Amino acid sequence: MISRGALRITIGSVILVAWCTVHELVTARGNLWAIHDAMTGGVRDSFALNEARFSAIRRDLPENRAVGYVSDRPRAEPKALFLEGFVQAQSALAPHLALDTDTLTPIVGDFPSGAPDSVRLAAMGLRTVRDYGHGVLLLTRSAP
Amino acid sequence: VILALLVWLVLTGLIGYAAVGVIWPGPSHWKSGEAVLRAALVVGLGFGLSSSALFVAIAVFGPGRLVAPGTDILVLLLLALGARARARTLPGDRERFPAPPAGLLDRAIAWGMLALLGVALIATLAFTFAAPHGQWDAWGIYNLTARYIYLGGASWRRAFSAGLGIHPDYPLLLPGSVVRGWLYAGRATDLVPQITGILFAYAAAGLVVGAVWVFRGRRHAGLTSVVLLGTPVFLSTAAAQYADLPLSFYFVAAIVLYGLANRLPDESTWLYVGSGLCAGLAAWTKNEGLLYILIVAFGLLVIHRQLLRDRDDKRAIAAFVAGLVPVLAMIAYFKLTLAPPNDLVSGQGSGTLPRILDASRYVLILRSAMRVAPAFPVIPVVIFLAVVGLDRDAGDRKATLLAIFALIALAAGYFAVYVVTPLDLSIQLHRSLDRLMMQLWPLLVLIVFMVARVPEQAPADAPT
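Worth saying up front: this structure is predicted, and the values here are computed from it rather than measured. (Residues numbered from 1 in each chain as written. Chains lettered and ligands numbered in written order. Predicted model: local features only at pLDDT ≥ 70, side-chain atom pairs only at ≥ 80, totals over all residues. Heavy atoms only, no water.)

## Some words on the overall build of chain B
Counting its secondary structure elements, chain B contains 19 helices and 0 strands. The C-alpha radius of gyration computed for chain B amounts to 22 Å, which stays within 12% of the reference 23 Å derived for 464 residues, consistent with globular compactness. Principal-axis analysis of the C-alpha atoms gives chain B an extent of 70 × 60 × 55 Å. When the accessible surface of chain B is summed, it comes to about 18,500 Å², and 69% of that surface belongs to carbon and sulfur atoms. Here chain B holds 35 positive side-chain charges and 24 negative ones, and the gap between their average locations is 4 Å. (Helix = DSSP H or I, 4+ residues; strand = E, 2+ residues; numbered from the N terminus. Rg over C-alpha atoms; globule rule 2.2 N^0.38 Å. Areas by Shrake-Rupley, 256 points an atom, 1.4 Å probe, with all protein chains shown as cover. Lys, Arg positive; Asp, Glu negative; His and termini not counted. Charge placed at Lys NZ, Arg CZ, Asp CG, Glu CD.)

Below is the structure:
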């Protein structure tokens, strides 16, 4: 004999447990695919890449003031590629502070698809002080 | 590094343990709801208090290597002395929340819960392995701020420069915890934010489970854990190194400690202090916590509206304020002297009124909420409540009412922020709505199992 109240509690509990278990197993399966991708090289560690790219330029940046930052990454939302690259560059450059402007000098140039030539830089009012490779440049304003 | 991280974790645990010893001293059997609740509070109070103390120490001395252990040992000593003094005032062993023996269904749910916990941990670790730096807000806000404080030396205030990362004005509980771990480790290892995020996530789940166990019994606690661990956003957020689950921890902790104070009148003063402290730590975690403080303070003033005449009401409010004020003073110092203006606030002006009057924004917010809702097990929870029924005479009425009021007011507040945001609304919804709903989800789950009828109260008069 089981009371109606106890039966309701049991039914409610079984529905809840079954639904949530399926929910969790589906999510966990997706996560295991993520770990598979990471182990097989499907996921690149962009932070480690940027740490390596910006390690040399850090030595040439001033200690006590902010510097500028320019990049050829697209600014269009919603992918926010510029913002993503900018914040990762800030993280790699810490404790040096790079701000999203070309009015502060020197300027960190971040061109992951390849450093622009001097003509293109001149059109942007910039010139190269030093090229560190991998699309990382130390720039300054070109004389007017 | 591993040894240094162990020292960091042990000291965090000891600080939390001593803090719980001050706020809610007493023995508890390890297989009880009290033990689960205390263990969760150890994590939240340990990280919260040590992070707060470190910020004060850094503000005075700068982020030197010895600042973290020095501050931790001082805080631990003070709390241990307090806990010892509190232990002396209590009567001997006693069972505060006696539980009936577990039935067959209770045991089945407990085993199911353990299995789900195992799967959830594997899923969380998989997420962490796939994204070791966490997700957007983690590396764009919290870990970035922590890096600039940790690496900044004498220039640590640079971490709050306008233009650094996404929100340099966000409060510092999480970055402070990460800096603290890095100071022990001697380098900015990813392990620190990973461990912090995962511990906070499972502490938030444990807090809700422990509270439901204490207030409503073992079976509801088991179901609570099933619902939380079966929430896909919980699993992803646990590994994302976001501040949303730590924030939800403090949302729930403030309510739970308030509920405990009402249930344990002999020990209530320090529990009210703990409730105020946790409300303050919510605001030290994210700006949403400031809204939470306003909401909870208003709710408490309504509940204890006789405070000018009633001694108990006066004591409850005074103790809550005593716990809240030190953290609030620290936040005020941070906001007034270090943090740059908040972009959502500084972006208001002539465009605000047109945004408020734009009906399409309301529709977009509601549509987005409907799109995100399936990531939470709302439907089975509603079915469960419909089948089981509500307990209109729930014993912890004040705490439940405060929780319901806080949940509704927070949701309304978030809705209003979306309406007036000067940023692109659809992008902001896309990036933040699931996280904001995750902040509220543990509170909602707590409410559900506080009001759902428990087995003993089910109508048992009609055998089938």
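## Here's the deal with the packing of helix α7 (residues 191-216) of chain B against helix α8 (residues 218-229) of chain B
Residues and elements named next belong to chain B. Interhelical geometry of α7 versus α8 gives an angle of 155° and a closest axis separation of 7 Å. Taken together, α7 and α8 sit at an angle that is classed as roughly antiparallel. Crossing geometry of α7 relative to α8 is assigned as right-handed. Contacts from Y202, A205, V208, V209, V212, W213 and R216 in α7 reach R218, H220, A221, T224, S225, L228 and L229 in α8. By residue class, the composition of the contact of α7 with α8 is 9 nonpolar, 3 polar and 2 charged. (Axes fitted to C-alpha atoms, helices over the stretch in contact; angles between N-to-C directions. Parallel < 35°, antiparallel > 145°, perpendicular 65-115°, else oblique. Left-handed = near helix turned anticlockwise from the far one by under 90°. Contact = heavy atoms within 4.5 Å. Nonpolar A, V, L, I, M, F, W, Y, C, P; charged D, E, K, R; others polar.)

## Points about the interface of chain A and chain B
The partner chain B presents 58 residues to the 55 residues of chain A that form the contact. For the pair chain A and chain B, the summed buried surface comes to about 4,700 Å²; carbon and sulfur atoms form 70% of the total. The largest contributions to the chain A side of the interface with chain B come from I9(A), L16(A) and E24(A), which together make up 15% of the buried area. Here chain A and chain B share 1 salt bridge between them. The partner of E51(A) in a salt bridge is R147(B), and the shortest N-O contact between them spans 3.0 Å. (Buried area = accessible area lost by both parts, 1.4 Å probe. Salt bridge = Lys/Arg side-chain N within 4 Å of Asp/Glu carboxyl O.)

## Some words on the packing of helix α3 (residues 67-89) of chain B against helix α6 (residues 173-185) of chain B
Residues and elements named next belong to chain B. Packing of α3 against α6 brings their axes to within 8 Å, and their N-to-C directions diverge by 115°. As far as their axial angle goes, α6 and α3 are roughly perpendicular. Contact residues: A68, P69 and D72 in α3; R180, L183 and Y184 in α6. Along the lines of polarity and charge, the residues of the contact of α3 with α6 split into 4 nonpolar, no polar and 2 charged.

## What about the sheet that holds strand β1 (residues 67-71) of chain A?
Residues and elements named next belong to chain A. The 5 strands are arranged β2-β1-β3-β5-β4 in an open sheet whose pairing can be described as mixed. Here the strands that pair on one side only, and so sit at the sheet edges, are β2 (98-99) and β4 (126-133). Bridge count between β4 and strand β5 (residues 136-141): 6 bridges; the pairing is antiparallel. Bridged to R130 within β5 is L138. Relative to β5, helix α2 (residues 46-58) is tilted by about 45°, and along the sheet it contacts β3 (107-110), β4 and β5. (Pairing = 2+ DSSP bridges.)

## With respect to the nonpolar core
In this structure, L41(B), F249(B), L260(B), Y292(B) and L446(B) are the most contacted members of the largest nonpolar core, which totals 160 residues. With 16 residues, the top contributor of residues to this core is α7(B). Formed by 15 residues, the second largest nonpolar core is a distinct cluster that contains F82(A), F86(A), A98(A) and V108(A). (Core = buried A, V, L, I, M, F, W, Y, C linked by side-chain atoms within 4.5 Å. Buried < 20%, exposed > 50% of the residue type's maximum accessible area, 1.4 Å probe, protein only.)

## Some thoughts on the packing of aromatic side chains
This model, assessed by the stated rule, comprises 25 aromatic pairs over all chains. Taking the centre distance of 6.1 Å and the plane angle of 75° together, the rings of F200(B) and F249(B) count as edge-to-face. Taken together, the positions of F200(B) in helix α7 and F249(B) in helix α10 (residues 244-263) put the pair 49 residues apart, joining distant regions of the chain. On the accessibility criterion, F200(B) (0% relative accessible area) is buried. When the ring centre of F82(A) is taken as origin, the NZ or CZ atom of R75(A), which lies over that ring, is 3.8 Å away. (Phe/Tyr/Trp six-rings, centres within 6.5 Å; stacked < 30°, edge-to-face > 60°. Lys NZ or Arg CZ within 6 Å of the ring centre and 35° of its normal.)

## As for the pairing of β5(A)
Residues and elements named next belong to chain A. By the criterion of burial, β5 is predominantly enclosed, with 5 of the 6 residues buried. Sheet topology places β3 next to β5; 4 bridges connect them, and they run antiparallel. The residue of β5 that forms the bridge with I107 is L139. Hairpin connection between β4 and β5: a loop of 2 residues separates the two successive antiparallel strands, and H134 in this loop has a positive phi of roughly 55°.

## Quick word on the pairing of β1(A)
All names here are of chain A. Among the 5 residues of β1, 5 are classified as buried, and the element is accordingly described as predominantly covered. Here β1 pairs with β2 via 2 bridges, running parallel. If you follow G68 over to β2, its bridge partner there is L99. Two elements, β1 and β3, share 4 bridges in a ladder whose sense is parallel. Directly across from Y69, in β3, lies its bridge partner V108.

## Digging into unusual backbone geometry
Look at the link from A94(A) to P95(A): it is a cis peptide, with omega at 10°. Locating P95(A) in the fold gives a position in the loop between α3 (81-93) and β2. With an omega of 0°, the peptide bond running from T105(A) to P106(A) counts as cis. For Q241(B), which is not a glycine, the phi torsion comes out positive at approximately 65°.

## Re the side chain of Q88(A)
Inspection of the secondary structure assignment puts Q88(A) in helix α3. Among the residues examined, Q88(A) registers a relative accessible area of 4% and is labelled buried. At a separation of 2.9 Å, a polar atom in the side chain of Q88(A) contacts the side chain of N50(A). Setting aside chain neighbours within four positions, we find Q88(A) in contact with S46(A), F47(A), N50(A) and W139(B). (Polar contact = N/O pair within 3.5 Å; in protein donor to acceptor, adjacent residues only side chain to side chain.)

## Concerning a nonpolar patch on the surface
All names here are of chain B. Residues I2, L3, L6, V7 and L191 make up a contiguous nonpolar surface patch of about 470 Å² in total accessible area. Sorting elements by how many residues they give to the nonpolar patch places helix α1 (residues 2-23) first, with 4 residues. Relative to the helices and strands, L3 is located in helix α1. (Patch = residues over 30% accessible without salt bridge, like charges linked within 9 Å, V, L, I, M, F, W, Y side chains within 5 Å.)

## Notes on the pattern of salt bridges
Residues and elements named next belong to chain B. Counted by the stated rule, this structure contains 15 salt bridges over all chains. Two residues, R216 and D391, come together in a salt bridge whose shortest N-O distance is 2.9 Å. With R216 in helix α7 and D391 in the loop between α17 (378-388) and α18 (397-420), the pair connects residues that are 175 residues apart, well separated along the chain. The pair formed by R216 and D391 is uniform in burial state, with each residue classed as buried. R315 is paired through a salt bridge with D312; the nearest N and O atoms lie 3.6 Å apart. With a gap of 3 residues between them, R315 and D312 both fall in helix α13 (residues 311-337), about one helical turn apart. Given the relative accessible area of 31%, R315 is considered partly exposed.

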